[in-house]
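Chain and residue survey
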Amino acid sequence: MASLTGRVKALRTAAGRVALTPVLVRAGIFVSALVGLLLAYPAEVVAGRAFGALVGVAVLPALAPRRFWPTFAALVTVAGWLIATDGYGRSIALWRLMAVAAVLYLTHTLCALAAVLPYDAVVDPDLIVRWLTRAAIVVLATSVVGVLLVELTRVGGGGTGRQAVTIAGLLIAVGVTALLAWLLRRK
């Protein structure tokens, strides 16, 4: 019984020390994960009983950003996208694809920030602004490259465009990986 009262006291002390910024970062994780899930899943699924489960999936990475839950939420989002396109026959719209990719990245980067922020951290607002600015730059650059790759499909014509886009995407991924490896070794 003493250990239980000790845990309750520790929980009350920790709850009293919680700062606003880490809570807002975790709220951002929840909102971005939920938006991604709602964009990925078809309306028929979201309107049913699955909405509560999707909210639960969005809450998990906000509560435990250092654990498996951010990856789990991303996998559930991708599964929803596949269910919507293959199972429900929803056409692939470029805006929806870009939006799902953007909120997946935003969820991921906010989880990385929340993982290093203690609950009682006093954070300079410039840190959050710089973090979100970098995320916006990544999303913008990725969107531009994505649109350019989609336009490449029109150049190929006759079904060969998809193959060209796949190869171009793989070359870009290999190039970025090589650049990151080179930057790591340079330090």
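Throughout, a residue's number is its position along its own chain's written sequence, starting from 1. Local features in this predicted model are restricted to residues of pLDDT 70 or higher, and side-chain atom pairs are both shown and tallied only at a pLDDT of 80 or more, whereas totals for entire chains, interfaces and linings draw on every residue. Side-chain metrics rest on all non-hydrogen atoms present in the structure, leaving aside hydrogens and water.

**Things to note about the overall build of the protein chain**
Stated precisely, the cut-off is as follows: Working definition: helices are DSSP H or I runs of at least four residues, strands are E runs of at least two. Numbering for both runs from the N terminus. All radius of gyration figures rest on C-alpha atoms, and the globule criterion is 2.2 Å times the number of residues raised to 0.38. In this description, contact between two residues means that some pair of their heavy atoms is separated by no more than 4.5 Å. Values of accessible area rely on a 1.4 Å probe in the Shrake-Rupley scheme; residue burial ignores everything except the protein chains shown.
What the protein chain contains, in helices and strands, is 8 helices and 0 strands. Reading the secondary structure of the protein chain in the N-to-C direction produces α-α-α-α-α-α-α-α. The C-alpha radius of gyration of the protein chain comes to 20 Å, more than 25% above the 16 Å expected for a compact globule of 187 residues. Counting only C-alpha atoms, the protein chain reaches 75 × 50 × 25 Å along its principal axes. Considering only residue pairs separated by 6 or more positions, the protein chain has 67% of its internal contacts joining residues 24 or more positions apart. A total of about 12200 Å² of accessible surface is found on the protein chain, and carbon and sulfur atoms cover 71% of it.

**Focus: the packing of helix 5 (residues 69-87) against helix 6 (residues 94-116)**
To keep things clear, this is the line we draw: Fitting a line to C-alpha atoms yields each axis, with helices limited to the stretch in contact; the angle taken between N-to-C directions then spans 0 to 180 degrees. Roughly parallel refers to an angle under 35 degrees, roughly antiparallel to one over 145, roughly perpendicular to one between 65 and 115, and oblique to any angle outside these ranges. Put simply, Ala, Val, Leu, Ile, Met, Phe, Trp, Tyr, Cys and Pro go in the nonpolar bin, Asp, Glu, Lys and Arg in the charged bin, and everything else, Gly too, in the polar bin.
It is at 10 Å that the axes of helix 5 and helix 6 come closest, and there the two elements cross at 170°. What the angle tells us is that helix 5 and helix 6 run roughly antiparallel. Here Pro 70, Ala 74, Thr 77, Val 78 and Trp 81 of helix 5 come into contact with helix 6, specifically with Arg 96, Leu 97, Val 100, Leu 104 and Cys 111. In terms of residue class, the contact of helix 5 with helix 6 is made up of 8 nonpolar, 1 polar and 1 charged.

**A word on a nonpolar patch on the surface**
Quick note on the threshold: The patches described consist of residues with a relative accessible area above 30% and no salt bridge, like charges being joined within 9 Å and nonpolar side chains (Val, Leu, Ile, Met, Phe, Trp, Tyr) within 5 Å. Think of a salt bridge as a Lys or Arg side-chain nitrogen and an Asp or Glu carboxyl oxygen that are within 4 Å of each other.
Residues Val 145, Ile 172, Val 176, Leu 179, Leu 180, Trp 182 and Leu 183 make up a contiguous nonpolar surface patch of roughly 590 Å² in combined accessible area. Broken down by element, the nonpolar patch gets its largest block of residues, 6 residues, from helix 8 (residues 160-186).

**Digging into the packing of aromatic side chains**
To be explicit about the condition: Only Phe, Tyr and Trp rings take part, Trp by its six-membered ring, and two of them pair if their centres are within 6.5 Å. Stacked means planes under 30 degrees apart, edge-to-face means over 60, and tilted covers everything else.
All told, the structure shown has 3 aromatic pairs when counted by the stated rule. Among the aromatic residues, those joined into a ring-pair cluster are Phe 68, Trp 69 and Phe 72.

**What about the side chain of Thr 107?**
Note the following rule: Pairing of N or O atoms within 3.5 Å defines a polar contact, subject to two protein rules: one partner must be a possible hydrogen donor and the other a possible acceptor, and residues neighboring in sequence count only if both atoms are side-chain atoms.
Here Thr 107 lies in helix 6. Among the polar contacts made by the side chain of Thr 107, one reaches the main-chain amide nitrogen of Ala 33 at a distance of 3.3 Å. The residues contacting Thr 107, other than those within four sequence positions of it, are Ile 29, Ser 32 and Ala 33.

**A few points about the environment of Pro 22**
Looking at where Pro 22 falls in the secondary structure, it is placed in helix 2 (residues 20-40). Considered as a pair, Pro 22 and Arg 130 are 108 residues apart in the sequence and their alpha carbons are 15 Å apart. Dropping the residues within four chain positions of it, Pro 22 is found in contact with Leu 117, Pro 118, Tyr 119 and Ala 121.

**Considering helix 5**
For clarity, the cut-off: What a helix should span is 1.5 Å times the count of its residues minus one. Buried residues are those whose accessible area, probed at 1.4 Å on protein chains only, stays under 20% of the maximum for their type, while exposed residues exceed 50% and partly exposed ones sit between those limits. It is the directions from the helix axis to the C-beta atoms that the arc portrays.
The end-to-end C-alpha distance of helix 5 is 25 Å, a good match for the 27 Å that 19 residues give at a rise of 1.5 Å each. Within helix 5, the full set of buried residues consists of Pro 70, Ala 73, Val 76, Thr 77, Gly 80, Trp 81, Ala 84 and Thr 85. Considered in projection along helix 5, the buried side chains sweep an arc of 165° and stay on one side of the axis. What points out from helix 5, more than 90 degrees from its buried face, is the exposed set Leu 75, Asp 86 and Gly 87. Looking at the buried residues of helix 5, the elements they touch are helix 2, helix 4 (50-63) and helix 6. Gly 89 sits one or two residues past helix 5 and shows a positive phi near 70°.

**Observations concerning the packing of helix 2 against helix 5**
Cut-off, in case you're wondering: Crossing handedness is read from the near helix: turned anticlockwise from the far helix by less than a right angle, it gives a left-handed crossing, and turned clockwise, a right-handed one.
Running from amino to carboxyl end, helix 2 crosses helix 5 at an angle of 15°, the nearest separation of the two axes being 8 Å. Accordingly, the angle class assigned to the pair helix 2 and helix 5 is roughly parallel. Here helix 2 and helix 5 pass one another in a crossing that is left-handed. Residues Gly 36, Leu 37 and Ala 40 of helix 2 form the contact with helix 5, whose participating residues are Ala 73, Val 76, Thr 77, Gly 80, Trp 81 and Ala 84.

Purely geometric numbers; function is a separate question.
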